[in-house]
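Understanding the architecture of this molecule
Each chain, written out:
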Amino acid sequence: MDAAERWRVLRLHVENHIPLAVLPQETGISARTLQRWNQLYRGGGVSALDPHPRTDRGVRRTSAETVAFVERLALTRPRPSIATLHRLAAKDAQARELPAPSYATVRQIAQALDPALVTLALEGPVSYRDKHELVFRRRAEHPNQTWQSDHTELDILIVGADGKPDRPWLTTVMDDILVIGNWRHGAITEHRHRAPNSTEIVAVGDLRRRPVIVLWCI
């Protein structure tokens, strides 16, 4: 609510002299809130009813000791449930004579932990390497320095050189610098002026005299 909306409710008490104890039944606003609005109005008028953002909004008010306690428990294996974390954190805060954190606060602390740190603590270094360590990537600096290739048998039948049906093999070859090489009977020739994203299918034979399809991608 802005100041005008709050004043429309409060003026029932100020101008119409309706008791604050009765207004909650008619407006659905708690008596404590109406009393606070009334104090603001008497101290600064209608403009004082305008809501102001809290200066500590977004700032965690939980003690650093409680946060560290929850984080330490959340990184133990097996990891306790949020309910267990809350119960233990409240007990620890009471022993330290600190305010006990709420269930939502404990859950927020546990969920705010770095996923990589959680993986390392709960699943071990092998899982951490698989999920979070950077993979070494090597990029070619000039054409024909690095080629990527794959080879698989297709689920189709064609007529082979002997006149019998046979399943061909698909071979894909791609240059890291996007320079196409065309393999015909073991010879590679470069084609630097091909249209982008074009492909060429070349029927050749492998060492076993079985049909092979070579797919060149640029």
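Residues numbered from 1 in each chain as written. Predicted model: local features only at pLDDT ≥ 70, side-chain atom pairs only at ≥ 80, totals over all residues. Heavy atoms only, no water.

Tallying secondary structure elements over the protein chain gives 8 helices and 8 strands in all. Buried residues in the protein chain amount to 29% of all 218 residues. Long-range pairs, those at least 24 residues apart, make up 48% of the contacts in the protein chain between residues at least 6 apart in sequence. (Helix = DSSP H or I, 4+ residues; strand = E, 2+ residues; numbered from the N terminus. Buried < 20%, exposed > 50% of the residue type's maximum accessible area, 1.4 Å probe, protein only. Contact = heavy atoms within 4.5 Å.)

Counting residues in hydrophobic clusters, the biggest one holds 13 residues, and the most contacted among them are Val-70, Ala-74, Leu-85, Ala-89 and Val-106. Elements that contribute at least two residues to this core include exactly helix 4 (64–74), helix 5 (82–95), helix 6 (103–111) and helix 7 (115–123). Broken down by element, this core gets its largest block of residues, 5 residues, from helix 4. Setting aside anything within four residues of it in sequence, one finds Leu-85 in contact with Val-70, Leu-73, Ala-74, Pro-80, Val-106 and Ala-110. One finds Trp-7, Leu-10, Leu-20 and Leu-49 within the second-largest nonpolar core, a separate group that totals 10 residues. (Core = buried A, V, L, I, M, F, W, Y, C linked by side-chain atoms within 4.5 Å.)

A separate point is the pairing of strand 4 (residues 169–175). For a regular strand, side-chain orientation follows a simple rule: the groups alternate between the two sheet faces. Of the two faces of strand 4, the one holding Trp-169, Thr-171, Val-173 and Asp-175 is buried and the one holding Leu-170, Thr-172 and Met-174 is not buried anywhere. As paired elements, strand 1 (residues 147–153) and strand 4 share 7 bridges and run antiparallel to each other. Across the sheet, residue Glu-153 finds its bridge partner in strand 4, namely Trp-169. (Pairing = 2+ DSSP bridges.)

Turning our eyes to something else, we now look at the packing of aromatic side chains. A full pass over the atoms with the stated rule returns 1 aromatic pair. Residues Trp-7 and Tyr-41 carry aromatic rings whose centres are separated by 4.8 Å and whose planes lie at 25 degrees to one another, so their mutual orientation is stacked. Taken together, the positions of Trp-7 in helix 1 (residues 3–14) and Tyr-41 in helix 3 (residues 31–44) put the pair 34 residues apart, joining distant regions of the chain. With a relative accessible area of 22%, Tyr-41 lands in the partly exposed category. (Phe/Tyr/Trp six-rings, centres within 6.5 Å; stacked < 30°, edge-to-face > 60°.)

This part takes up the confidence of the model for the protein chain. On average, residues of the protein chain score 76 in pLDDT, and 75% of them are at 70 or above. The secondary structure element of the protein chain with the lowest average pLDDT is strand 6 (residues 187–191), at 37, and the one with the highest is helix 5, at 94. In the predicted structure, residues 179–218 sits below a pLDDT of 50 and forms 92 contacts with residues beyond four places in sequence or in another chain. (pLDDT = per-residue confidence, 0-100.)

Those residues of helix 1 that sit buried are Ala-3, Arg-6, Trp-7, Val-9, Leu-10 and His-13. Structurally, helix 1 contributes buried residues whose contacts are with helix 2 (23–27) and helix 3.

Contact geometry for helix 4 and helix 5: axes closest at 10 Å, N-to-C directions at 145 degrees. In the packing of helix 4 onto helix 5, the handedness of the crossing is right-handed. On helix 5, the residues that touch Thr-66, Phe-69, Val-70, Leu-73 and Ala-74 of helix 4 are Leu-85, Leu-88, Ala-89, Asp-92 and Ala-93. Classifying every residue of the contact of helix 4 with helix 5 by side-chain character gives 8 nonpolar, 1 polar and 1 charged. (Axes fitted to C-alpha atoms, helices over the stretch in contact; angles between N-to-C directions. Left-handed = near helix turned anticlockwise from the far one by under 90°. Nonpolar A, V, L, I, M, F, W, Y, C, P; charged D, E, K, R; others polar.)

With that settled, consider unusual backbone geometry. What is expected of a backbone is that most residues other than glycine have negative phi and most peptide bonds are trans. Geometrically, the link from Arg-77 to Pro-78 is a cis peptide bond, its omega value of 0 degrees lying close to zero. Positioned with a positive phi, His-17 is a non-glycine residue whose angle comes to about 60 degrees. Within the secondary structure, His-17 is located in the loop between helix 1 and helix 2. Within the chain, Glu-97 stands out as a residue other than glycine whose phi angle is a positive 60 degrees. Relative accessible area serves as the criterion here: at 73%, Glu-97 is assigned to the exposed category.

Turning our eyes to something else, we now look at the side chain of Thr-66. The topology assignment puts Thr-66 in helix 4. Thr-66 sits in the buried class, given a relative accessible area of 1%. In contact with Thr-66, other than residues within four places in its own chain, are Ala-93, Leu-98 and Pro-101.

Bringing the pattern of salt bridges into the picture now. Evaluated as defined, the whole model comprises 5 salt bridges. A salt bridge links Arg-96 to Asp-92; its shortest N-O distance comes to 2.8 Å. Given the relative accessible area of 43%, Arg-96 is considered partly exposed. Across the pair Arg-167 and Asp-155 runs a salt bridge whose closest N-O atoms are separated by 2.8 Å. Taken as a pair, Arg-167 in the loop between strand 3 (165–166) and strand 4 and Asp-155 in the loop between strand 1 and strand 2 (158–159) lie far apart in primary sequence, 12 residues in all. Overall, the relative accessible area of 31% leaves Arg-167 in the partly exposed class. On the accessibility criterion, Asp-155 (73% relative accessible area) is exposed. One continuous salt-bridge network, built from bridges that share partners, spans Glu-153, Asp-155 and Arg-167. (Salt bridge = Lys/Arg side-chain N within 4 Å of Asp/Glu carboxyl O.)

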